[in-house]
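Structure at a glance
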Amino acid sequence: MTEHAPRAVVTAGTGGIGLETALGLARQGWDLTLVARDPGRGEAAVARVDEAAGRRAGRFVGADLSSLAETRRLGERLAGDGGLDLLVNNVGGMWTGRRETSEGVEASIALNHLSPYVLTEALLDSLAAAAPSRVVTVTSSAIAAAQTVFDDAEPPGPHYGLAATGRAKLAHLAYTMELAGRLGPRGVSVLAADPGAAATDNAAQMTIDILPPALRPHWDAILKGVSAPVADAARAPLAAATDPALEGRTGLVVGPDGTVDDTLLAYVTPELTKAVSRWTAELLATAARPS
Ligand SMILES: NC(=O)c1ccc[n+]([C@@H]2O[C@H](COP(=O)([O-])OP(=O)(O)OC[C@H]3O[C@@H](n4cnc5c(N)ncnc54)[C@H](OP(=O)(O)O)[C@@H]3O)[C@@H](O)[C@H]2O)c1
């Protein structure tokens, strides 16, 4: 039994769904490490976490998770803290135009898949040391719009934010399910959480250009979705992180209402998981090569 407060790391934890998840955890007695880039925003988020907990419960650790080198350094630093009860891989997003990171990786792949992959792998021993522990990855129903081809870094044709993010989230969901099988024997539950849509900073910068032309008639419905309260969107990651009914269960998706919902798992086949695993290894090797 843990004598200290249980410890969680929440990536992109100083705003949006990550901060709301952190606040919910703080109210339930957790200690929080919030990872993000901006120290001012970090300080403000830690103050809110401390207030929610009624004690000093938060700390900010700065890192740009679009950089795989920086994510590796973060992983080493956090692994040095010892046992970790919960890792919430919340970082991610969707952008209107195609963006590249400083390491030459398409941004939605870097932030929705490679960065959480690198951080999780760095923290496996810390999570196992605190077992029973959990990894929760924030996924998205954008998976339904994904191109499911993983034989090149990016699929051919025009870049649409929804399809690109959907593909990166699908890759990460396949990894999440593979990891669940690997970590089950070590007492670590690995779950995905679909928050639904919410009015976050990331959602506010989206335009209709994220949609492939065939989906543009749905833009008004999408806009309505991303006007939903951010606190509601934290329900899924919070349930995945703390619901006692999920104790010892792994390889599941928790839907926006906080209950198990396997709809997105229909997209994850054994063939796709193998293709994603090869694709991920190739991308990581390429990103590591100096240009
Ligand atoms: N919003 C939605 O409708 C929706 C729907 C489905 C799924 N999701 C998923 O939910 C998760 C959270 O989304 P959100 O909408 O809350 O995002 P968001 O509004 O962009 O989240 C803001 C947080 O991300 C941090 N952040 C942004 N870029 C970062 C980087 N490069 N490195 C480290 N931290 C970074 C920000 O801090 P700094 O700027 O200081 O770094 C801040 O803490 C994502 O995985 C997203 O795909 C969201």
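Residues numbered from 1 in each chain as written. Predicted model: local features only at pLDDT ≥ 70, side-chain atom pairs only at ≥ 80, totals over all residues. Heavy atoms only, no water.

1. Considering the site of the ligand
Spelled out, the test is: Nearness of a residue to a molecule or strand requires only that one of the residue's heavy atoms be within 4 Å of it. Polar contact criterion, stated in full: a pair of N or O atoms within 3.5 Å, where within protein one must be able to donate a hydrogen and the other to accept it, and residues adjacent in sequence count only if both atoms are side-chain atoms. Where accessible areas are quoted, they stem from the Shrake-Rupley method and a 1.4 Å probe; at the residue level, only the protein chains shown are allowed to cover. Gly counts as polar in this scheme, as do all residues outside two lists: the nonpolar Ala, Val, Leu, Ile, Met, Phe, Trp, Tyr, Cys and Pro, and the charged Asp, Glu, Lys and Arg.
Not every one of the 32 residues close to the ligand is listed here, only the nearest: Thr14, Arg37, Asn90, Lys169 and Thr200. Between the ligand and the protein, one listed contact pairs an oxygen atom with a side-chain N or O atom of Thr14 at 2.6 Å. The fraction of the free accessible surface of the ligand (880 Å²) that becomes covered by protein chains is 90%. Here the shell around the ligand is built from residues that sort into twelve nonpolar, 14 polar and six charged.

2. Considerations on the confidence of the model for the protein chain
The following threshold applies: Per residue, pLDDT captures the predictor's confidence, and it can take any value from 0 to 100. Only runs of H or I of at least four residues qualify as helices and only runs of E of at least two qualify as strands under DSSP, and these elements are numbered from the N terminus.
Residues at a pLDDT of 70 or more form 98% of the protein chain, whose mean pLDDT is 96. Averaged over each element, pLDDT in the protein chain is lowest for helix H8 (residues 219–225) (92) and highest for strand S1 (residues 7–11) (99).

3. A short note on the environment of Ala53
Worth spelling out the cut-off: Only protein chains enter the accessibility calculation, which uses a 1.4 Å probe. A residue is then buried if its area is under 20% of the maximum for its type, exposed if over 50%, and partly exposed in between.
Relative to the elements of secondary structure, Ala53 occurs in helix H2 (residues 39–53). The class for Ala53 is partly exposed, based on a relative accessible area of 21%.

4. Some thoughts on the environment of Ser126
The condition that has to hold: Whether two residues are in contact is decided by their heavy atoms: any pair within 4.5 Å suffices.
Within the fold, Ser126 resides in helix H5 (residues 124–129). For Ser126, a relative accessible area of 7% puts it in the buried group. Along the primary structure Ser126 and Pro158 are separated by 32 residues, whereas in three dimensions their C-alpha atoms are 41 Å apart. Those residues in contact with Ser126 that sit more than four places away from it in its chain are Ala79, Gly82, Gly83 and Leu84.

5. Structural notes on helix H1 (residues 16–27)
This is how the line gets drawn: In this analysis, the expected span of each helix is defined as 1.5 Å times one less than the number of residues it contains.
With twelve residues, H1 extends 17 Å from end C-alpha to end C-alpha; this agrees with the ideal 16 Å at 1.5 Å per step. Across the twelve residues that make up H1, a large majority, ten, are buried. Looking at H1, one finds that the buried residues are Ile17, Gly18, Leu19, Glu20, Thr21, Ala22, Leu23, Gly24, Leu25 and Ala26. Where the residues of H1 are buried, they touch S1, strand S2 (31–36), H2, strand S4 (86–89), helix H9 (230–233) and helix H10 (235–242).

6. Thoughts on the packing of aromatic side chains
The cut-off we apply is this: In this scheme Phe, Tyr and Trp rings, the latter by its six-membered ring, pair at centre separations within 6.5 Å, and the angle between planes marks the pair as stacked below 30 degrees, edge-to-face above 60, and tilted otherwise.
Applying the stated criterion across every chain, the model contains two aromatic pairs. Here Phe150 and Trp279 contribute two aromatic rings whose centre-to-centre distance is 4.9 Å and whose plane-to-plane angle is 75 degrees, an arrangement assigned as edge-to-face. Of this pair, Phe150 sits in the loop between strand S5 (133–138) and helix H6 (161–183) while Trp279 sits in helix H11 (residues 270–288), placing them 129 residues apart in sequence. Each member of the pair, Phe150 as well as Trp279, is classed as buried.

7. Considering the side chain of Ser133
Position of Ser133 among the secondary structure elements: in strand S5. For Ser133, a relative accessible area of 2% puts it in the buried group.

8. Points about unusual backbone geometry
Note the cis peptide between Ala131 and Pro132, where omega equals 5 degrees. Mapped onto the secondary structure, Pro132 falls in the loop between H5 and S5. Although it is not a glycine, Ala12 sits at a positive phi angle of roughly 50 degrees. Within the secondary structure, Ala12 sits in the loop between S1 and H1.

9. Details of the packing of H1 against H10
Quick reminder of the rule: Axis geometry follows a simple rule: fit a line to the C-alpha atoms, using only the stretch in contact for helices, then measure angles between N-to-C directions, giving values from 0 to 180 degrees. Roughly parallel means an angle under 35 degrees; roughly antiparallel, over 145; roughly perpendicular, 65 to 115; everything else is oblique. Note on convention: the crossing is left-handed when the near helix lies turned anticlockwise from the far helix by less than a right angle, right-handed when the turn is clockwise.
Their axes nearest at 9 Å, the elements H1 and H10 cross at an angle of 45 degrees. One finds that H1 runs oblique with respect to H10. Seen along the crossing, H1 lies across H10 with a hand that is right-handed. The segment H1 lies against H10, with Ile17, Glu20, Thr21, Gly24 and Leu25 engaging Pro237, Leu238, Ala241 and Thr242. Among the residues forming the contact of H1 with H10, the class breakdown is five nonpolar, three polar and one charged.

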